[in-house]
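What follows is the residue order along each chain.
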Amino acid sequence: MSSSFERIVDYLQDCIVSDGVNSVKGSGLRSIYARLFSAKTTKPKNEMVEDLAAFYADERSVLALWESLKPMDKELVAASVQFNGRSHRPTFRDIAQKHGFSPSPPKRFPYLEEDFAPLDFLNIIAEADPASKAILLFPGGKEFPPFILSILKGVVPPFVFEYGEFKPSDKNVVISRQDRLSDFAEIVKFCAAEKVKVNLDNHFVAKAKLVKAREVIGFDDVGDDGSGGFCDIRDVAGGFRTVVAQPLFAIMLNCGLLDADPEDRLVKPGKSSMDLLSLPLEEQAKLACQYYLMDLGICESRYLAGVGVPDGERLVWWTEARRKVANLLKTCPVDRFVPFEDFEKYMRIFNGDFISRLLDAPIVLRYNDGFRNYFRPASWDYCHVHFLRVILSFFSAVGAVDVAYKEKVNYLTNAGNFDSDGVSMCLGVGGLRLTELGAWIFGLTESFLAPPTEGEEILDSLVVNDDFSVIVGYGQKRIQREIFLRKFFTPLPAEVGSVAFKIDLPGVTRAYAQGVPPKKIVEYLEEEGGRPLPEAVADAFAVWKEKTGRITLRSVTLLETDDKELLDMFCGMEALRKYLGAPIKNAAVVREDKKKSVKAVLEKNGWHVRDDD
């Protein structure tokens, strides 16, 4: 007995003998048996299963049934085959109407309607023709049998994704970030200069810092004012309501461009940021996107108001949901805006409840009427579609997708901002565009070269001048060079396309205090600049090196006597000798309250003081 036959037997054993309440009429095993073999039977279930399994195991029998279907029935079944056995009520109703049949309206309330209900098209077929042979292909009556689906996939052509055209208008805010890849480096630099704190649980950065980052760096962003309207990010109802700044920080914390101190929560350049920023801009974006696709630390539910996950967001396999969105993006035309409705429809058809089926417990939607809370099971319109928008915003942050946002979209939340229909409003998506960068990131094209940022010339250079200035050109290494030099030296005015710093004694002193001696600075400047330092600068560093490592300030406890002979006596006592160090040479006692003053005077005179306190 073949394994495929055994699988068919196992499947049929789970089917009901007579029609069930939730199955299509006429799909019980006894009804199927009577129609296939043109005879009623009183055989027990096991015998019927053996006969039916033999029929369905013969591919020729299944194909003969397929060929005998009426045009409308065949087109409906073919559509479900193309949808991988799933249903989409609007598509099936359109097919039926094209063939001159108008199905009865849904019996359930529209807001409870799930357009991807299993085998819904069979109800249309049964209503149009109860004797249709299409039902014989579905002995279980509740799902597309896998052994039938695999056979029909061999004769039904694959589904062709067809997207309309979307033209953004003045009612949309378009976020396009393919040409803003240098923002990765700019945010690293921003966090090196600013005291940015992050919530370690959800990657949220304070709104004030998001605003300042946007102002300093200059990227476009848009926020939700809490009632579904567009607003500046300084006016958003919460930091998670920004479509660029917050996702961008989260992605960079996720991929190692930024790190957060677990104690003070301060964000700083990541340990691997220098290596990552030395990559071409497009490689940085691809790496950030790949980390987002595989990381479990980012929880999309935290970016949605009114959505809760009872068992905790970190138990959700978010990566699977992101990959499903990424896979569908591959079906979009490159560099052309398409309506979000088309993309959402295909996501709904092929993935359906792509979030809630990743959970052990259902997602619930929380809202209130001003008096008490209510909980609603997750559905597509009130839940899954909003997760889809959040995931698109993350892909947009790395430049893989351009998004045209629209305002005042119905969304039931717990915010209490209800319109006349009792439904809250939020930002929505009007259209989206897979960028050339996104096509490369998702493997649709073999190469992509990021264009230079507007107003910047790609000059990967570092030049040390006779006047002790260091000029850093805008190249791939610009940011890591700038971060290194900015920690010690004073910035100078510079021409467009470069940044400059002044090498001086205070800067060298600051570097030494942070564990970077003059010798290391010389090595860094010569290696990055590719040439020896100018004579005047080299001479200055030689003087500074001579004054390095020769003075130490440390706190000690002294055994002090009023004459040397008494001290020698104590040092000679066997009971004390093991507790005493060697007599201090070349040392002077410093009053504890004047230690900083002594250090300042020495450094002012060019001496680099090691503080071992």
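What you are looking at is a predicted structure, and each value in this text was computed from that prediction instead of being measured. (Residues numbered from 1 in each chain as written. Predicted model: local features only at pLDDT ≥ 70, side-chain atom pairs only at ≥ 80, totals over all residues. Heavy atoms only, no water.)

Caption draft 1: Up close: the overall build of the chain. In terms of regular secondary structure, the chain is built from 24 helices and 18 strands. Accessible surface, the chain: about 30,700 Å² in total, of which carbon and sulfur atoms supply 51%. (Helix = DSSP H or I, 4+ residues; strand = E, 2+ residues; numbered from the N terminus. Areas by Shrake-Rupley, 256 points an atom, 1.4 Å probe, with all protein chains shown as cover.)

Caption draft 2: Just the environment of Tyr405, in detail. Mapped onto the elements, Tyr405 comes out in strand S11 (residues 401-410). Looking at Tyr405, the relative accessible area reads 4%, which means it is buried. Not counting the four nearest positions on each side in its chain, Tyr405 is found in contact with Lys171, Asn172, Val173, Ile175, Val222, Phe230, Val243, Ser393, Gly428, Val429 and Gly430. (Buried < 20%, exposed > 50% of the residue type's maximum accessible area, 1.4 Å probe, protein only. Contact = heavy atoms within 4.5 Å.)

Caption draft 3: Quick peek at unusual backbone geometry. Positive phi, close to 65°, is recorded for Arg265, a residue that is not glycine. For Arg265, the position within the fold is in the loop between strand S5 (258-260) and strand S6 (266-269). Residue classification places Arg265 among the partly exposed residues on the basis of a relative accessible area of 34%. Even without a glycine there, the phi angle at Phe468 is positive, about 70°. By the element assignment, Phe468 lies in the loop between strand S13 (462-464) and strand S14 (469-473). A relative accessible area of 18% places Phe468 in the buried class.

Caption draft 4: Molecular detail of the pattern of salt bridges. Scanning all chains against the criterion turns up 20 salt bridges. For Glu186, the salt bridge goes to Lys189, with nearest N and O atoms at 3.4 Å. Here Lys189 and Glu186 lie together in helix H9 (residues 183-193), a separation of 3 residues that amounts to about one turn. Here the two residues Glu186 and Lys189 agree in accessibility, since each one is buried. Close ionic contact of Lys209 with Glu194 constitutes a salt bridge, the shortest N to O distance being 3.1 Å. Of the two residues, Lys209 is situated in helix H10 (residues 207-217) and Glu194 in the loop between H9 and strand S2 (196-197); the sequence distance between them amounts to 15 residues. Connected via shared salt-bridge partners are Glu186, Lys189, Glu482 and Arg486. (Salt bridge = Lys/Arg side-chain N within 4 Å of Asp/Glu carboxyl O.)

Caption draft 5: H10, seen in detail. Every buried residue of H10 is accounted for by Leu210, Val211, Ala213, Arg214 and Ile217. Mapping the buried residues of H10 onto a view down its axis gives an arc of 160°, with all of them on the same face. Exposed side of H10, more than 90 degrees from the buried face: Ala208 and Val216 are the residues found there. Each element contacted by the buried residues of H10 is listed here: H9 and helix H11 (245-255). Two residues or fewer past H10, Gly218 is found with a positive phi of approximately 90°. (Arc of directions from axis to C-beta.)

Caption draft 6: Structural context of the side chain of His203. In this fold, His203 is placed in the loop between S2 and H10. In contact with His203, not counting residues within four places along its chain, are Val198, Gln246, Ala250, Leu253, Gly297, Ile298 and Tyr303.

Caption draft 7: The pairing of S11, seen in detail. With 3 bridges connecting them, strand S1 (residues 173-175) and S11 associate as antiparallel partners. Residue pairing in the sheet places Ile175 in a bridge with Val403 of S11. (Pairing = 2+ DSSP bridges.)

Caption draft 8: Quick peek at the packing of helix H6 (residues 89-98) against helix H7 (residues 120-128). Where H6 contacts H7, the two axes come as close as 9 Å, and the packing angle between them is 25°. By the criterion of interaxial angle, the relationship of H6 to H7 is roughly parallel. Considering only the axes of H6 and H7, their crossing is right-handed. Taken together, the residues of H7 that come into contact with H6 (itself represented by Arg89, Phe92, Arg93 and Ala96) are Asp120, Phe121 and Ile124. Residue classes in the contact of H6 with H7 are distributed as 4 nonpolar, no polar and 3 charged. (Axes fitted to C-alpha atoms, helices over the stretch in contact; angles between N-to-C directions. Parallel < 35°, antiparallel > 145°, perpendicular 65-115°, else oblique. Left-handed = near helix turned anticlockwise from the far one by under 90°. Nonpolar A, V, L, I, M, F, W, Y, C, P; charged D, E, K, R; others polar.)

Caption draft 9: Local environment of the nonpolar core. Core analysis: the biggest nonpolar cluster contains 137 residues, and Tyr56, Val77 and Phe395 have the highest contact counts within it. A per-element tally of this core places helix H16 (residues 380-397) first, with 10 residues. With 24 residues, the next largest nonpolar core counts Val470, Ile521, Leu525 and Phe541 among its residues. (Core = buried A, V, L, I, M, F, W, Y, C linked by side-chain atoms within 4.5 Å.)

Caption draft 10: View of H11. For H11, the buried fraction is high: 11 of the 11 residues fall into the buried class. Ala245, Gln246, Pro247, Leu248, Phe249, Ala250, Ile251, Met252, Leu253, Asn254 and Cys255 are the residues of H11 that are buried. Gly256 occupies a position one or two residues after H11 and carries a positive phi of about 100°.

Caption draft 11: Layout of the sheet that holds strand S15 (residues 490-492). Here we have 4 strands laid out as an open sheet, ordered S13-S14-S16-S15, and antiparallel in their pairing. Each of the sheet's edge strands pairs with one partner strand only, and the pair in question is S13 and S15. Neighbour-to-neighbour, the strand axes of the sheet open up by a mean angle of 25°, direction not taken into account. Pairing of S15 with strand S16 (residues 498-502), which is carried by 3 bridges, proceeds in the antiparallel orientation. Its bridge partner lying in S16, Pro491 is registered against Phe501.

Caption draft 12: Looking closely at the sheet that holds strand S12 (residues 425-434). What the 4 strands build is an open sheet, ordered S1-S11-S12-S8; its pairing is antiparallel. The sheet is open, and its two borders are formed by S1 and strand S8 (338-339), each paired with just one other strand. Most of the contacts of helix H15 (residues 340-351) go to S12, to which it runs at about 90°, and overall it touches S8, S11 and S12.

Caption draft 13: Molecular detail of the packing of aromatic side chains. Using the criterion set out here, one finds 27 aromatic pairs in the structure. An aromatic cluster is present here, built from Phe83, Phe92, Phe121, Phe138, Phe144, Phe159, Phe161, Tyr163, Tyr346 and Phe350 joined pairwise through their rings. Here Lys74 stacks its cationic end above the ring of Trp66, 5.1 Å away from the centre of that ring. Above the ring of Trp440, the side-chain terminus of Lys286 is found at 4.5 Å from the ring centroid. (Phe/Tyr/Trp six-rings, centres within 6.5 Å; stacked < 30°, edge-to-face > 60°. Lys NZ or Arg CZ within 6 Å of the ring centre and 35° of its normal.)

Caption draft 14: Broad picture of the environment of Gly228. Its place among the elements puts Gly228 in the loop between strand S3 (223-224) and strand S4 (230-231). Its relative accessible area of 0% is what places Gly228 among the buried residues. Spatially, the C-alpha atom of Gly228 lies 5.0 Å from that of Leu427, the residues being 199 residues apart in sequence. Other than its neighbours up to four places away in sequence, Gly228 contacts Glu407, Lys408, Met425, Cys426 and Leu427.

Caption draft 15: The packing of H11 against helix H13 (residues 281-294), seen in detail. Put simply, H11 and H13 touch, their axes get as near as 9 Å, and they point 85° apart. The orientation of H11 relative to H13 falls into the category roughly perpendicular. Residues Ile251, Asn254 and Cys255 of H11 form the contact with H13, whose participating residues are Ala288, Tyr291 and Tyr292. Broken down by class, the residue content of the contact of H11 with H13 amounts to 5 nonpolar, 1 polar and no charged.

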